Amino acid sequence: MPDILNADLHCHSVVSDGTLTPEQLAGRAAANGVELWALTDHDEIGGQHRAAAAARAHGMRYLTGTEISVTFAGETVHIVGLGFDADDAAMREGLFDTRGGRGKRAQEMSEQLARVGIHGAYEGALRFVGNPELISRTHFARFLVESGICRDTPEVFRKYLTEGKPGYVEHRWASLRDAVHWITDAGGMAVIAHPGRYNFTANEEYALFTEFKAHGGRGVEVVTGSHTPQEYVKYAAVATEFGLAASRGSDFHSPDESHTDLGRLPPLPGGLTPVWELMEDRFL
Ligand code: AMP
Ligand code: MN
Ligand code: MN
Ligand code: MN
């Protein structure tokens, strides 16, 4: 299969912090020319059967997907899983546990925001939540925009929801080892999501890639809506250095918020092995 295939292997639905249903996303992806699609909700695979059926109805190939929240070297790292068995019991349980602390974290975020004069943020965020087990910072961001406290979601994150800001609550997610094992033991491929987004030193980044590989991780996102063109080049070189396959995904969340639409990304740089070439037997 040629690597000019329009594959979009990263996006979010109402099952996590996106604003479209799996069916709406499938329709939008197909209209934008996507040929191979994966829905990758945060810490959730509850939308997988719907997404696969909708992909089929639109004539797209489908890979199961998720994006697991991990704590590594004191930072949150996201690991995308692709092509696993969505009914795998250990994977479902691992994701259930990973989602577990979100409710309490959200209440603490709300208490902190109240101390700087923003009241009712928990209840406000809840109105944007599609899945009660999956309340995220994005839902708080939508509430703060709706209330007119901030102009857009990037402003909310900058002023309130990132480390050192009044609504930020430290949280411990899954370990890198567990996340990679849940995915690979369920027959899938683990992929480091948007590596250009982490605030790691060069040594920490090297440790992330080295440990990820040692646990059985096999891919890295090179072309993503979260990377600059310079980062495409940088992470293409990193993929080659570490012998990792390369992935491509928009990280689309919402027509109103996401600057990169489904399927609207440059192709992978030449000389890389696309993750989908190693998973043709997992296509649905
Ligand atoms: P959480 O899993 O609750 O920590 O929320 C993480 C989500 O917040 C990410 O998946 C993004 O959708 C969103 N997010 C994180 N940082 C930003 C940012 N700077 N601007 C807009 N959205 C962001
Ligand atoms: Mn998100
Ligand atoms: Mn992410
Ligand atoms: Mn994402």
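Coordinates for the structure precede this section.
Residues numbered from 1 in each chain as written. Chains lettered and ligands numbered in written order. Predicted model: local features only at pLDDT ≥ 70, side-chain atom pairs only at ≥ 80, totals over all residues. Heavy atoms only, no water.

On to the nonpolar core, then. Among the nonpolar cores identified, the biggest contains 54 residues, and Leu9, Val70, Ile79, Val222, Val275 and Trp276 are the most heavily contacted of them. Per-element accounting of this core gives the leading share, six residues, to helix 10 (residues 229-242). By size, the runner-up hydrophobic cluster in this structure holds 18 residues, among which are Val129, Leu144, Cys150 and Val169. (Core = buried A, V, L, I, M, F, W, Y, C linked by side-chain atoms within 4.5 Å. Buried < 20%, exposed > 50% of the residue type's maximum accessible area, 1.4 Å probe, protein only. Helix = DSSP H or I, 4+ residues; strand = E, 2+ residues; numbered from the N terminus.)

In this section: the coordination of the manganese ion (ligand 4). The coordination sphere of the manganese ion (ligand 4), as far as protein atoms go, consists of His10 (NE2), His12 (NE2), Glu67 (OE) and Asp251 (OD), spread over 2.1 to 2.3 Å. Along the chain, the residues donating to the manganese ion (ligand 4) are arranged with the sequence spacing H-x1-H-x54-E-x183-D. Between the manganese ion (ligand 4) and the manganese ion (ligand 2) the interatomic distance amounts to 4.6 Å. Linking glutamate 67 in strand 4 (residues 65-72) with aspartate 251 in the segment after strand 8 (245-249), this pair joins segments that are 184 residues apart in sequence. With respect to class, glutamate 67 is no different from aspartate 251; both count as buried. (Donors = N, O, S within 2.8 Å, 3.2 Å for Na, K, Ca; no water.)

Moving on, we come to the packing of helix 8 (residues 176-185) against helix 9 (residues 202-215). Between helix 8 and helix 9, the least distance of the axes is 9 Å, while the angle of their chain directions is 40 degrees. One finds that helix 8 runs oblique with respect to helix 9. Viewed along their axes, helix 8 and helix 9 form a crossing whose handedness is right-handed. Facing helix 8, whose interface residues are Leu176, Arg177, Val180 and His181, helix 9 presents Leu208, Glu211, Phe212 and His215. When the residues that make up the contact of helix 8 with helix 9 are grouped by side-chain class, the tally is four nonpolar, two polar and two charged. (Axes fitted to C-alpha atoms, helices over the stretch in contact; angles between N-to-C directions. Parallel < 35°, antiparallel > 145°, perpendicular 65-115°, else oblique. Left-handed = near helix turned anticlockwise from the far one by under 90°. Contact = heavy atoms within 4.5 Å. Nonpolar A, V, L, I, M, F, W, Y, C, P; charged D, E, K, R; others polar.)

Our focus in this paragraph is the coordination of the manganese ion (ligand 3). Coordination of the manganese ion (ligand 3) by the protein is provided by Glu67 (OE), His78 (ND1) and His194 (NE2), with metal-donor distances spanning 2.1 to 2.2 Å. Between consecutive donor residues of the manganese ion (ligand 3), the sequence gaps follow E-x10-H-x115-H. Distance-wise, the manganese ion (ligand 2) is placed 5.7 Å from the manganese ion (ligand 3). Taken as a pair, histidine 78 in strand 5 (residues 75-82) and histidine 194 in the loop between strand 6 (189-192) and helix 9 lie far apart in primary sequence, 116 residues in all.

So, on to the site of ligand 1. Near ligand 1 you find Asp17, His42, Arg102, Arg105, Ser136, Arg137, Thr138, Pro154, Phe157 and His253, and these make up its full shell. Residue aspartate 17 places a side-chain N or O atom 3.0 Å away from an oxygen atom belonging to ligand 1. One of the side-chain nitrogen or oxygen atoms of arginine 105 is found 2.8 Å away from an oxygen atom of ligand 1. The set of elements that each furnish at least two residues to the shell around ligand 1 consists of helix 4 (102-115), helix 6 (137-146) and helix 7 (153-161). Split into classes, the residues belonging to the shell around ligand 1 amount to two nonpolar, four polar and four charged. Shared between two domains, the shell around ligand 1 takes at least three residues from each, and those domains are domain 1 (7-98 + 172-282) and domain 2 (102-159). (Near = heavy atom within 4 Å. Polar contact = N/O pair within 3.5 Å; in protein donor to acceptor, adjacent residues only side chain to side chain. Domains from an automatic or database assignment.)

The geometry of an aromatic ring pair comes down to the distance between the two centres and the angle between the two planes. If you walk through the whole model with that rule in mind, you get five aromatic pairs. With centroids separated by 5.4 Å and ring planes inclined at 70 degrees, the aromatic side chains of tryptophan 37 and tyrosine 62 adopt a geometry described as edge-to-face. Highlighted residues: tryptophan 37 in strand 2 (residues 36-37) and tyrosine 62 in strand 3 (residues 61-62), separated in sequence by 25 residues. Like tyrosine 62, tryptophan 37 is buried. Between the aromatic rings of tyrosine 198 and phenylalanine 200, the centroid separation amounts to 5.9 Å while the plane-to-plane angle is 50 degrees, which identifies the pairing as tilted. According to the relative accessible area criterion, phenylalanine 200 is buried, its value standing at 14%. Taken together, Phe72, Tyr198 and Phe200 form an aromatic cluster joined through their ring pairs. (Phe/Tyr/Trp six-rings, centres within 6.5 Å; stacked < 30°, edge-to-face > 60°.)

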